[in-house]
Structure formats: structure tokens, C-alpha cells
Amino acid sequence: MCGIAGVLGPPGDPAATRATAMRMAGALEHRGPDDAGDWSDSRGVVGLGFRRLSIIDLSPDGHQPMRSADGRYVTVFNGEIYNFAALRAELVAAGCTFRGGSDTEVMLAAVSRWGVEATVPRLWGMFGLAIWDDELGELHLVRDRLGKKPVYYGWQGGTFLFGSELKALRAHPAFAAGLDRDALAAYLRFAYVPTPATIYAGICKLAPGSRIVIRPERPGEVLDAGRYWDPVEVARAGIANPLVLSDVEAVTALEGLLGDAVALRAYADVPLGAFLSGGIDSSAVVALMQAQSSLRVRTFTIGFEASEYDESADARVVAAHLGTDHTELRVTSEETLAVIPRLPALYDEPFADASQIPTFLVSQLARASVTVALSGDGGDEVFGGYNRYVSGMRTWSRIGRLPHPARAGLARLLEGVPPRGWDALGSIADQVLPRSRRGLVSGNRVHKLARVLPARDIDALYRSLVSTWPDPAALVTGGHETPVGLSAGAAALADPARRMMLADLLGYLPDDILVKVDRASMGTSLEARAPLLDHRLVELAWRLPIRQLIRDGEGKWLLRRLLERHVPRSLTDRPKQGFGVPIDAWLRGPLRGWAQDLLATDRLTREGLLRPAPIQAALRDHLAGRRNRQDQLWTVLMLEAWLEAERARAGAA
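Remember, it's a predicted structure, so these values are computed and weren't measured experimentally. (Residues numbered from 1 in each chain as written. Predicted model: local features only at pLDDT ≥ 70, side-chain atom pairs only at ≥ 80, totals over all residues. Heavy atoms only, no water.)

**Student:** Where do I start with the overall build of the protein in this structure?
**Tutor:** The secondary structure content of the protein amounts to 28 helices and 17 strands. For the protein, whose C-alpha radius of gyration is 25 Å, the value lies close to the compact-globule estimate of 26 Å for 653 residues. Across its three principal directions, the C-alpha atoms of the protein cover 70 × 60 × 45 Å. When burial is assessed residue by residue, the protein has 58% of its 653 residues classed as buried. Of the contacts formed within the protein by residues at least 6 apart in sequence, a portion of 74% connects residues at least 24 apart. Accessible surface, the protein: about 24,500 Å² in total, of which carbon and sulfur atoms supply 54%. (Helix = DSSP H or I, 4+ residues; strand = E, 2+ residues; numbered from the N terminus. Rg over C-alpha atoms; globule rule 2.2 N^0.38 Å. Buried < 20%, exposed > 50% of the residue type's maximum accessible area, 1.4 Å probe, protein only. Contact = heavy atoms within 4.5 Å. Areas by Shrake-Rupley, 256 points an atom, 1.4 Å probe, with all protein chains shown as cover.)

**Student:** Got a minute to help me understand the pattern of salt bridges in this structure?
**Tutor:** Oppositely charged side chains may form a pair once their charged atoms are brought near each other. Scanning all chains against the criterion turns up 46 salt bridges. In this structure, R565 engages E255 in a salt bridge whose closest nitrogen and oxygen atoms are separated by 2.8 Å. You can see R565 sitting in the loop between α23 (557-563) and α24 (583-588) and its partner E255 sitting in helix α8 (residues 247-265), a full 310 residues away along the chain. In this structure, the salt-bridge partner of E554 is R560, at a minimum N-O distance of 3.9 Å. Note on R560: relative accessible area 18%, which makes it buried. (Salt bridge = Lys/Arg side-chain N within 4 Å of Asp/Glu carboxyl O.)

**Student:** Would you mind going over the environment of N628 with me for this structure?
**Tutor:** Following the sequence through the fold, N628 ends up in the loop between α27 (612-624) and α28 (630-652). Along the primary structure N628 and L146 are separated by 482 residues, whereas in three dimensions their C-alpha atoms are 33 Å apart. Here Q630 takes part through its backbone nitrogen, which lies 3.0 Å from a polar atom of the side chain of N628. (Polar contact = N/O pair within 3.5 Å; in protein donor to acceptor, adjacent residues only side chain to side chain.)

**Student:** Quick question: what am I supposed to make of the layout of surface pockets here?
**Tutor:** The gaps of empty space that remain are located by a probe, the size of a water molecule, rolled over the atoms. Volume-wise, the second largest pocket comes out at about 280 Å³. Together, A263, A266, A268, V270, L272, M289, Q292, S293, L295, R296, V297 and R298 line the second largest pocket. Tallied by class, the residues present in the lining of the second largest pocket amount to 8 nonpolar, 2 polar and 2 charged. (1 Å grid on protein atoms, 1.4 Å probe; cavity = no way out; pocket = protein on both sides within 12 Å on 5 of 7 lines; lining within 4 Å. Points joined across faces, edges and corners; volume = space filled by probe spheres on them. Nonpolar A, V, L, I, M, F, W, Y, C, P; charged D, E, K, R; others polar.)

**Student:** How should the packing of α8 against helix α22 (residues 535-543) be read in this particular structure?
**Tutor:** The description of two packed helices rests on the angle between their axes and on the distance between the axes. Here α8 crosses α22 at 165°, and the two axes come no closer than 9 Å. In this view, α8 runs roughly antiparallel relative to α22, as classed from their interaxial angle. Of the two possible hands of crossing, α8 and α22 adopt the one that is left-handed. Counted together, L254, L257, L258, D260, A261 and L264 of α8 and R536, L537 and L540 of α22 form the full contact between these two elements. Classifying every residue of the contact of α8 with α22 by side-chain character gives 7 nonpolar, no polar and 2 charged. (Axes fitted to C-alpha atoms, helices over the stretch in contact; angles between N-to-C directions. Parallel < 35°, antiparallel > 145°, perpendicular 65-115°, else oblique. Left-handed = near helix turned anticlockwise from the far one by under 90°.)

**Student:** I tried to follow the sheet that holds strand β13 (residues 272-275) on my own but got confused; where do I start?
**Tutor:** The pairing of strands in a sheet happens through backbone hydrogen bonds and is either parallel or antiparallel. Strand order in the open sheet formed by 5 strands is β15-β14-β13-β16-β17, and the pairing between neighbours is parallel. Single-partner strands in this sheet number two, and they are β15 (325-331) and β17 (527-529). Going across the sheet, the axis of each strand differs from the next one's by a mean of 30°, ignoring polarity. In terms of strand pairing, β13 meets strand β16 (residues 372-374) through 3 bridges, oriented parallel. Across the sheet, residue L272 finds its bridge partner in β16, namely V372. (Pairing = 2+ DSSP bridges.)

**Student:** Please clarify how the side chain of E481 should be interpreted in this entry.
**Tutor:** Along the chain, E481 turns up in the loop between α19 (458-466) and α20 (488-491). Residue classification places E481 among the buried residues on the basis of a relative accessible area of 18%. At 2.5 Å, the side chain of E481 forms a polar contact with the side chain of R189. A distance of 3.2 Å separates polar atoms of two side chains, one belonging to E481 and the other to R463. Not counting residues within four places of it along the chain, the set of residues in contact with E481 comprises A185, R189, R463, P472 and A473.

**Student:** Teacher, can you tell me more about α22 here?
**Tutor:** Every α-helix carries 3.6 residues per turn, so stepping three or four residues along brings you back to the same face. Counting buried positions over the 9 residues of α22 gives 7, a clear majority of the element. Within α22, burial applies to H535, R536, L537, V538, L540, A541 and W542. Buried residues in α22 make contact with α7 (231-240), α8, α14 (379-383) and α21 (496-522). Taking the backbone nitrogen of R536 as reference, a side-chain oxygen 2.9 Å away marks D534 as the first, capping residue of α22.

**Student:** It is not clear to me how helix α6 (residues 181-190) should be interpreted in this structure. Could you clarify?
**Tutor:** Across the 10 residues that make up α6, a large majority, 8, are buried. Residues of α6 that are buried include every one of A183, L184, A185, A186, Y187, L188, R189 and F190, and no others. Tucked inside the fold, the buried residues of α6 contact α19 and α28. At the N-terminal end of α6, a side-chain oxygen is found 3.0 Å from the backbone nitrogen of D182, two or three residues along, and the residue is D180. Among the residues trailing α6, A191 stands out with phi positive, at a value near 75°.

**Student:** I'm lost on the packing of aromatic side chains in this one. Help?
**Tutor:** Each aromatic ring pair is characterised by the separation of its centres together with the angle its planes make. Inspection of every chain in the model, using the stated rule, returns 10 aromatic pairs. Taking 5.7 Å as the distance between ring centres and 65° as the angle between the ring planes, the aromatic pair formed by Y386 and Y389 counts as edge-to-face. Taken together, a centroid distance of 6.1 Å and an interplanar angle of 55° make the contact between W594 and W634 tilted. Within this pair, whereas W594 is found in helix α25 (residues 592-598), its partner W634 is found in helix α28, the two being separated by 40 residues in sequence. Counting every residue linked through ring pairs, the aromatic cluster contains Y153, W155 and F160. Its end group placed over the ring of Y508, R388 keeps NZ or CZ at 5.2 Å from the ring centre. (Phe/Tyr/Trp six-rings, centres within 6.5 Å; stacked < 30°, edge-to-face > 60°. Lys NZ or Arg CZ within 6 Å of the ring centre and 35° of its normal.)

**Student:** Just to check I follow, could you spell out the sheet that holds strand β6 (residues 125-133) for this structure?
**Tutor:** If you walk across this open sheet you meet the 6 strands as β4-β5-β6-β7-β11-β12, and the pairing is antiparallel. Edge strands, defined here as strands with exactly one partner in the open sheet, are β4 (66-67) and β12 (223-227). Pairing of strand β11 (residues 210-214) with β12 involves 3 bridges; the strand directions are antiparallel. Bridge pairing links V213 to L223 in β12.

**Student:** Looking at this model, I keep getting lost on empty space enclosed by the protein. Mind explaining?
**Tutor:** All told, the structure shown has 7 cavities of 30 Å³ or more when counted by the stated rule. When its volume is computed, the largest cavity comes out at roughly 120 Å³. Every residue lining the largest cavity is counted, 15 residues in all, and those nearest its centre are C2, R52, I56, D103 and T104. Among the secondary structure elements, those contributing two or more residues to the lining of the largest cavity are β5 (73-81) and α3 (103-114). Within the lining of the largest cavity, the residues separate by chemical class into 6 nonpolar, 6 polar and 3 charged. Looking at the second largest cavity, the residues that line it are M126, K148, K149, S375, D377, L514, V517, D518, S521, A528, R529 and A530. Elements supplying a minimum of two residues to the lining of the second largest cavity: α21 and β17. Tallied by class, residues from the lining of the second largest cavity come to 5 nonpolar, 2 polar and 5 charged.

**Student:** When you look at unusual backbone geometry in this model, what are you seeing that I'm missing?
**Tutor:** Most of the time, phi is negative for any residue but glycine, and the peptide bond is trans. With an omega of -5°, the peptide bond running from Q64 to P65 counts as cis. For K556, which is not glycine, the phi dihedral falls at a positive 55°. Its location among the elements puts K556 in the loop between α22 and α23. When its relative accessible area of 4% is taken as the criterion, K556 is described as buried.

Below is the structure:
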């Protein structure tokens, strides 16, 4: 895993161009502490910078920027090509020779032989890469299929900048992008800035599965070379060409493919382990890792003081059953809270998934022992694990027949009871319900239901479920929310759960989950790999009937049956538990003063970005215990913390 950066512009001094690229890459040292490199063409038009975290081929033969054997192409590459051994064998058979053992050299040899356009779809892995074609004088930027690795880019005047993180672009002296208020409105809805926007006007995220081309003689232009892998097309093709397998056959097919995905990702020339929460996804990955290994797999989990957020006991039981070499660290509230000041620098733009905090802590724990960790990310999106898929189908089947005014009235009644009242009722119900059904009645759940009841169709219901502030444009002064909806192909899917799963695959997964994991892990110089996001598994899941993914109100049905071949169901049969921290209690306790300062009316008025009244109303509601407004408040707090960090950077410049 690495950090890449680069610049393209008018001809200049090659040494100065290299120095600029190196300064940009220097902002990414945490992504690659082991090595650094820079390169410029002879005219100083393009400069490439690199920071290396050595994973495969630790020798100098893996150094970047790397030039192809024929001299035509130069690349900086962040990520891993998991099928590089197979590609290398094919290239050797065709007469290619190699000086080292890195996947980067294999990728360059493939590009030299087949061209960029034909090579990219043959790469299996996670990557953000830049390839300079010295013969045609053009720069290619490419991102992996699911969006595991980031690529940011944009023109600043006559200079084109790109990098693995926004901080690399900010390190260039030409960077002068201001805040994008429309992107800010979208952030307040989703708690992340959706692709292709960033918080900076004119700076973009490269979409997953996409390639763009930049030519120095055409400043300001970006040639969209299209998507070489499109989830919408994968979904439509899968549904049109279904696999007809018995349940046992489907589980066996999944086990074979996931086992291969795990084996490919367990290859490294450095110590390797896995995150283990004790949930379905990470347990399945670790079970297959351990089944393939003659040594005990290193597994890592963290525990918390708050029992409702502590999964360490569950992870400990699964680890003992599988026989892993398990490391568990219990962190205090003080240690957890200490991460919060680091978040603006880690994420570079406002980002408000509070599980970013424990993700950083478990990454920090793992990095003390290993350089690579496999994770269970992607299981929910690919195999139908989120509660909204089950509850969304069930809710819409029940409420969709009711007149809209009746649903709106019911929503008001449900919201009339404060969350604490519903929590008390839920505690009584939990005393008589089986373990797997506990937690179904809670203030948070009931108030979520109240928010979706007024929805006019399934897409509006989904949007309501994933929205933090329901009308963010009304919150942002001068901001207009650009509609983010399903494409025509996705909207044509008849099954409500399928529509929501595809929406998550297009948005929530790459812009929230994978951003969270990439920044948290790379912030500790740890490479995180996600076998459940092997694109072949995604394609398999879309060819299976929804009943083999979601059955009888149980999500991830097929993945659960696979896990039962390795771990008794009794060890993992429990309500789904998010990887979170008690933000709601902290805002009434140790973070109260910090929150009140950042959300003060005079401060918000002075900044001129947000209207203070609805924010202050939410804060009063939360502090008084009338409603849990933690999600809405956390989005604004992460914005304000980021703005404060921006002002500090500007003052230091």
C-alpha cells in the first residue's frame, strides 16, 4: 500500500517539477513510510511522486516511480494486484522478462503489451494508479472496481493535480480551491461527500471502476474514458442470467470463491493478520484464512467500557474456536476520545461516520504486530446484511398501501414519545424475546420508522433511511443540494431490497465504508484488504436469487450458512451490532463543552455557512434527552472541526 501524487502542466524545469511532486507525496508519508521516489519527463511537463509501504518484493526492484522495460510508460501505483502471478505467467509465456517480483512491474509489462485500455479490466485488486504514456504525452488515472483505493484530482488554473488524499493536492502551491457549498449540503445529508464531488470546488474523486485521461496541451479538460466495471451493469446482467443452485450448491460455490479471494489476499512478504469482531463477516474471513494456514492466524479486536458497543467477548469466543493467535485491547473512554482531534487531518474533508474512531484504534492495535490485515468489509452490501434491506421491504409492504396522510399522522404519533420511553418499552420486551430478536424496540429504531413513514415510494424511503439531515439545503447558506438518485438502470430493479443494495454499492460503500477503512488503516501505515469485495463475489451475489441472500427476515443468509460450516451458529447468532462509540452519551458528558463551543450561534453566524437555529434546536433536544440527535450533531461537529483545522493550516502557511 502506498501514496501517490503528481502534477501536470506547461513545460518547465524537470528538477523543479520533480521537487514539487515529491513535496506533494511527502504529505502522504503515513501511507508509505518505507521508501520515496520522484520522476519527471525531460520537458518538466509531468511529475510523479511516491511514498511506499513495502508489501510485495521488498527489494529496490519494487521502487517507484517505475518505468516499463520498453521505456514508454511510467507509473505510480497505490494498492495490490492480486492476480499478478497469473498475469506474470501469461506474459512470461509470451516472451516477457522481469527483473523483480513486484505486481507493479507486472502491471507495466501488461500495459506495454496490451495497452492501458485492454489491461485495466484484467487487473483484480484494489488500486489507484497513474500511468504516463511518454509516447502519446497523456496521463491515465485509474481506480479499482469497488473504490477501495482513492484518487483525487483537479485542475488549478493551468496545472493538473492528483493524489491519494486531498492533503497531497493542498501541498501544491497552485492549490487555491474554495469550499463547495453544494457539496456541503450533500455532506449534511449523507455524513460524507458523495462522488464525484469533494468539499473543494473543482476538485473531484475518481469514480470506482473508472479511467480518465489528461493531456497537457488541453488545460482544464478531463477526458472521461468511461467505466470499465459498472455495478449497475453487473446487477442487470446478473438478474438477467441467474444461477439456479440448490442452497447447498450455492453455499459451496460461495465457499470456493471466497476461499480463493482470501488466499489471494493472504499473500504478502510481510506479517499479516485480520480484524475480528466476532460478527458474521469478519468471522467468515478469518475462518477461511485459518482453514488455509498451517500457522495460527493473528487476529485483533478492541473492547470498550460501554457494554452496548463492546464486541470483544464475541470475538474472543470465535477466536478460541478457530484457534487463532488473538490479541485483544480494552480501550478507555479517554483513549477513544483522544482520537477525535486527529480526525480532520486523517480524513481531509468533513466525514462523520463515528465508527471511524474504533476503526482507527483497531488499526493502530494491529499495526503493532502486522503490516497487512484482512477485514470483513463489504459483507453487508454484497450479501444483504443491513437491517434496512429487511426492514425496508417489510415496512414498505405494510405501509405502502396506507394513504399518505395516514402515514404522516402515524409518524407524528411515534415521534411524540421520546426515545427514552421507547427504550424503556424495549427493555421490557427484551426480557421475553430470544437473544436473536432482542433490541428490536428502541427509541432510535422507532424514530427511524417515523422518519420513513411519510415516504411516497421505495426510493424516497431509502433516501430517508440514509439521510442525516432531511433538508440540508435549508441548513446551508447559499447551498443547493444536487439530487443524488439511482441511475435509470438501478431504478428499474423491481425488488426493493435489490434497489437499496445497489444504491449502497454505488454510494455508501465507496464513499463511507471504504473511505473510513482506508484513512483509518493508512493513518497507521497498515494495509487493509477486503476479500468479501472481490469483484467475482459481487458478480456471483447478483446472479443468486434474493431468497438466498435474505430469507425469513434474516440478512446475509448464504454467508451465515457458509460460516456455520466452520463456526457453530450459537457463537455468532446475535443481533447485528454496529462498530461504534457512545457519541450520544459523550455529547451530554465529556464532549458537551466542546460541542457547545463549536456549535455556538455567534460562531456559526460569523462563519456564514450554516443557519444556527436548527442546529441549536437539535443541540437543545439532545442535551435535554428529548431525542437522540447524535448523528445530526456529529455531522456538523465534524464539519466545524475540519473548518477549524483549515483555518489553522491557512494561518500557518
